[in-house]
Amino acid sequence: MWLLSVVIVAGHGENNGQEEAQQQRVFLHEHFTAPVPTTGLLYPRESETREVRKLDGMWRLLISQPSDPLQGVREKWYDDSLHKTGLEIIPMPVPASYNDITTEKLRDHVGTVWYERTFFVSRDWEENRRTWLRFGSVHYEAVVWINGQNAMSHIIGHLPFEADISNILSFGGENRITVMCDNRLTNHTVPQGQVSTVKTDSGETPIQSYTFDFFNYAGIHRSVHLYTTPLVHISDIAISTQLSSDQVGRIDYRIWLDGSTENSTMQPTHVLVQLRDSDGVVAAQQVNRAVYNGTLLVPGAKPWWPYLMHPEPGYLYSLEFELFVSSDEGDDGDEVLDAYRLPVGIRTLSWTHTSLLLNGKPLYLRGFGRHEDSDIRGKGLDNALLARDFNLIKWVGANAYRTSHYPYSEESMQFADEHGIMIVDECSAVNIDIFEPELLSNHMSALEQLIHRDRNHASVIAWSVANEPRSFKMGALSYFQALVNYTRSIAQGRPLTAAINASPDPPKQCHLAALLDIVGFNRYNAWYQNSGRTDMIVNLLTEEAQRWHQNFGKPVILFEYGADTMEGLHSLPAYIWSEDYQVALFSQHFKAFDKLRKQKWFIGEFVWNFADFKTAQTYTRVGGNKKGVFTRSRQPKEVAHILRWRYFALAKELDRVPLPKHLSLYISSSVNGNGHARTEL
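Residues numbered from 1 in each chain as written. Predicted model: local features only at pLDDT ≥ 70, side-chain atom pairs only at ≥ 80, totals over all residues. Heavy atoms only, no water.

*Asks:* Got a sec to walk through the pairing of strand 6 (residues 112-120)? Specific residues and values, please.
*Replies:* Burial of strand 6 is extensive: seven of the nine residues sit out of reach of the surface. Where strand 4 (residues 57-63) meets strand 6, four bridges bridge the pair, whose relative direction is antiparallel. Looking across to strand 6, one finds that leucine 62 is bridged to tryptophan 114. Here strand 6 pairs with strand 12 (residues 174-182) via nine bridges, running antiparallel. Within strand 12, the residue paired with threonine 112 across the bridge is aspartate 182. (Buried < 20%, exposed > 50% of the residue type's maximum accessible area, 1.4 Å probe, protein only. Helix = DSSP H or I, 4+ residues; strand = E, 2+ residues; numbered from the N terminus. Pairing = 2+ DSSP bridges.)

This is how it looks when you write it as structure tokens:
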């Protein structure tokens, strides 16, 4: 049940000498139904009991008429090959966004497209197994058919979904998979958008509008997996870890089984749980009978540490679960029915009103807001690009990033675990407004799915519930009270934060900040405010950060600052859009950060953005957003070298990390006594 009230807000603007009254609907979110908890969805991993195939590659794509996006559903295009429609079929790579692949038609398409491919499944997969189809992400809404039969559907992009398709497969024969993908955003989707109809020279057509500043890429963005499990199998795992002061690690785990044993002679007897170190040596083990949860204690545990905080960052164990069964009554069970291995980092995360601590040590975060974005592929998963990005993150000396403004690929989360890069994990609620009940329901679902997917990653140190919501509005308070209370109940031992662009003070004071554990804010001094004035950064930024802490009593992070910069453009004196201006703007922010760091409650600085990225077409954007430290092709702008000096200087100061030998350049024998430029800032 939802409670609705209507509030009349009197405006003070004048129109021909008359005041206008503005009517605004305000929803009181006192009663709501929480999302149905996600089940399963373990990342597909091969083992002695499981096989995994990818259906990545070239698929076929058909574009629906924008004026009739559901034509294919009415005409049942899924019943047969898309070629039978007589419409044009386009080869389309998966994973990839479809927008930039062709030379026309698709870039600004609004509505549905249809994907299709065929595949064979071995007869060996039919007996005593279940076969699953899993999508890493389809943006925004997907409906999937196998051999003309509905298999599953999903809304909200950037998140995985799957189904058991054993009963609709042709084993030993050819199978057809058909996917309808709908990219339309509305006031109730996460993120929000609006579709309207405009008149063009060729007639009426729908257009998609949205307020967020990145391109609404669409398609099958991540890998499509086909994998098997035993009929009875380990369907889900949840872990939490702690590290004591005497280096004893603790892993609390819970597993779920799926599948019926009523008509089977094979009965589960126990689970063998083993923790192996990076050399494969068993560090702890336990035999668990009938009760599928327990605790492992690990004396002398090697902790998971972030990059540049320890000589061996990102240390991971392998947590192995083996499900044993008996085939005869009284048999103790000596046959492995299912096996799954999960990488695990052991660390303790805690927070206070002034600090975020990992393994008892206060963190100072330095890194980026990012985007999953690249030329041609759009938001499609690209392992080469992923490897390049992490090499650049480490090259620049960053230790963290925020998954702005949506969940990133599971592969990137695994990379972060392995490399010791800390993650502020953000859901896709960007610029949310019009706080209606259906939006709240979808927003909760987006967070629940995100937390379920990423809860076992050591790299995840916080959940971000939103980016730049209109949190100063009247309807925001009850909305965020309901959202944050729900999210805190499933937060899996992480603090809650958000990237806020409202004010810490009335009259447009943020209604969300008081509900969070960490206050994050975005502010573009000398860019959107006081453009060109790099002499108006230090005082404004330090004073605002102080007000956030004073008003709300929480640790504070600056999640976004920066300036659009055209690569190769130089100006002396510095002028906006030039590389020289970006350097000057960053330098002034560094001064403010160092003043704030002395206050102890200021715990992080994040640049916007890691790399240039595509946006919707507008006269304020030349080829997209150019605030990147790196270009869209992942080459450094001048400021990348300055930022590298900054981040490594912080690592040296805070964690006594030796500076890389190649960080400084030879200038002359009179500089610093050894010919090298200073790296201290």
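*Asks:* Before we move on, could you go through the nonpolar core and cite the residues and values that matter?
*Replies:* In this structure, Phe368, Tyr401, Trp548, Tyr561, Phe586, Val629 and Leu643 are the most contacted members of the largest nonpolar core, which totals 101 residues. Apart from the residues within four sequence positions on either side, phenylalanine 368 is in contact with Val396, Ala398, Ala400, Tyr401, Arg402, Phe606, Val607, Asn609, Phe610, Val629 and Leu643. One finds Val138, Phe161, Ile165 and Cys181 within the second-largest nonpolar core, a separate group that totals 34 residues. (Core = buried A, V, L, I, M, F, W, Y, C linked by side-chain atoms within 4.5 Å. Contact = heavy atoms within 4.5 Å.)

*Asks:* How would you explain the sheet that holds strand 12 if you had to name every residue and give the values?
*Replies:* Reading across from one edge, 5-4-6-12-9-10 is the order of the six strands in this open sheet, with antiparallel pairing throughout. What marks the edges here is a single partner per strand, and that holds for strand 5 (90-94) and strand 10 (149-155). Each adjacent strand pair in this sheet contributes to an overall mean axis angle of 25°, direction not counted. Pairing analysis gives six bridges linking strand 9 (residues 141-146) to strand 12, with the strands arranged antiparallel. Its bridge partner being in strand 12, glutamate 141 is matched across the sheet by aspartate 182. (Axes fitted to C-alpha atoms, helices over the stretch in contact; angles between N-to-C directions.)

*Asks:* Explain the confidence of the model for the chain to me, using residue names and the numbers behind them.
*Replies:* This prediction gives the chain a mean pLDDT of 92; 92% of its residues lie at or above 70. Every residue in residues 1-23 scores below 50 in pLDDT, and together they form 37 contacts with partners more than four places removed in sequence or on other chains. Across residues 673-681, confidence stays below pLDDT 50; counting only partners more than four residues off in sequence or on other chains, it has 26 contacts. (pLDDT = per-residue confidence, 0-100.)

*Asks:* Could you give an account of the packing of helix 7 (residues 579-597) against helix 8 (residues 638-655), naming the residues involved and the relevant values?
*Replies:* Interhelical geometry of helix 7 versus helix 8 gives an angle of 20° and a closest axis separation of 8 Å. The angle between helix 7 and helix 8 falls in the class roughly parallel. Between helix 7 and helix 8 lies a crossing of right-handed hand. Counting all contacts with helix 7, which are made through Glu579, Asp580, Gln582, Val583, Phe586, Phe590, Phe593, Asp594 and Arg597, the residues of helix 8 involved are Glu638, Val639, Ile642, Leu643, Arg646, Leu650, Glu653 and Leu654. Of the residues belonging to the contact of helix 7 with helix 8, the class tally is nine nonpolar, one polar and seven charged. (Parallel < 35°, antiparallel > 145°, perpendicular 65-115°, else oblique. Left-handed = near helix turned anticlockwise from the far one by under 90°. Nonpolar A, V, L, I, M, F, W, Y, C, P; charged D, E, K, R; others polar.)

*Asks:* Summarise the UniProt feature "domain: Glycosyl hydrolases family 2 sugar binding" (unreviewed entry) in the chain; cite the residues concerned and give the values.
*Replies:* The feature "domain: Glycosyl hydrolases family 2 sugar binding" (unreviewed entry), as annotated in UniProt, sits at residues 53-230 in this numbering. The distance from the first to the last C-alpha atom of residues 53-230 is 16 Å, and the span holds 2% helix and 46% strand. (UniProt positions renumbered as here; feature names shortened; annotations may be inferred.)

*Asks:* I'd like to hear about the pattern of salt bridges, residue by residue, with values.
*Replies:* For the structure shown, the criterion picks out 41 salt bridges. A salt bridge links arginine 130 to aspartate 164; the shortest N-O distance between them is 2.9 Å. Of this pair, arginine 130 sits in strand 7 (residues 129-135) while aspartate 164 sits in strand 11 (residues 161-164); the two residues are 34 residues apart in sequence, bridging distant segments of the chain. Under the relative-accessibility criterion, arginine 130 is labelled buried at 16%. (Salt bridge = Lys/Arg side-chain N within 4 Å of Asp/Glu carboxyl O.)

*Asks:* Can you break down the sheet that holds strand 29 (residues 422-426) residue by residue, with the values?
*Replies:* One closed barrel accounts for eight strands, arranged 27-28-29-30-31-32-33-34; its pairing is parallel. Pairwise comparison of adjacent strand axes, ignoring direction, gives a mean angle of 25° for this sheet. Bridge count between strand 28 (residues 400-402) and strand 29: three bridges; the pairing is parallel. Within strand 29, the position partnered with alanine 400 by the bridge is methionine 422. Helix 4 (residues 437-454) contacts strand 29 and strand 30 (460-467) of the sheet and is inclined by roughly 165° relative to strand 30.

*Asks:* Outline the packing of aromatic side chains, listing residues and values.
*Replies:* Inspection of every chain in the model, using the stated rule, returns 35 aromatic pairs. A ring pair is formed by tyrosine 78 and tryptophan 145, whose centres lie 4.4 Å apart and whose planes are at 5°; its orientation type is stacked. With tyrosine 78 in the loop between helix 1 (71-74) and strand 5 and tryptophan 145 in strand 9, this pair connects stretches of sequence that are 67 residues apart. When the centroid spacing of 5.1 Å and the interplanar angle of 75° are considered together, the rings of tyrosine 315 and tyrosine 317 count as edge-to-face. (Phe/Tyr/Trp six-rings, centres within 6.5 Å; stacked < 30°, edge-to-face > 60°.)

*Asks:* Tell me about the packing of helix 2 (residues 383-396) against helix 8, and please be specific about residues and values.
*Replies:* The N-to-C vectors of helix 2 and helix 8 enclose an angle of 60°; their axes lie 8 Å apart at closest approach. Put simply, helix 2 runs oblique to helix 8. Seen from helix 2, the contacting residues are Lys394, Trp395 and Val396; seen from helix 8, they are Ala640, His641, Leu643, Arg644, Tyr647 and Phe648. Of the residues that constitute the contact of helix 2 with helix 8, the class distribution is six nonpolar, one polar and two charged.

*Asks:* Could you give me a rundown of unusual backbone geometry, with the residues and numbers involved?
*Replies:* Of the consecutive residues valine 190 and proline 191, the connecting peptide bond is found in the cis state with omega at 10°. With respect to the helices, strands and loops of the structure, proline 191 is situated in the loop between strand 12 and strand 13 (194-200). Geometrically, the link from leucine 572 to proline 573 is a cis peptide bond, its omega value of 5° lying close to zero. Tracing the chain through its elements places proline 573 in the loop between strand 33 (556-560) and helix 7. With phi around 55°, lysine 76 is a residue other than glycine that occupies positive phi space. In this fold, lysine 76 is placed in the loop between helix 1 and strand 5. Accessibility expressed as a relative area gives 46% for lysine 76, which makes it partly exposed. In this structure, tryptophan 577 takes a positive phi of about 80° despite not being glycine. For tryptophan 577, the location among the structural elements is in the loop between strand 33 and helix 7.

*Asks:* Please set out the environment of tyrosine 217 residue by residue, giving values where relevant.
*Replies:* Position of tyrosine 217 relative to the elements: it lies in the loop between strand 14 (203-209) and strand 15 (219-220). For tyrosine 217, a relative accessible area of 1% corresponds to the buried category. Placed 121 residues apart in sequence, tyrosine 217 and alanine 96 show a C-alpha to C-alpha distance of 9.3 Å. The contacts of tyrosine 217, once residues within four sequence positions are left out, are Ser97, Asn99, Asp100, His139, Asp373, Gly378, Lys379, Lys614 and Arg632. Engagement of the side chain of tyrosine 217 in a polar contact is seen with the side chain of arginine 632, the distance being 3.0 Å. (Polar contact = N/O pair within 3.5 Å; in protein donor to acceptor, adjacent residues only side chain to side chain.)

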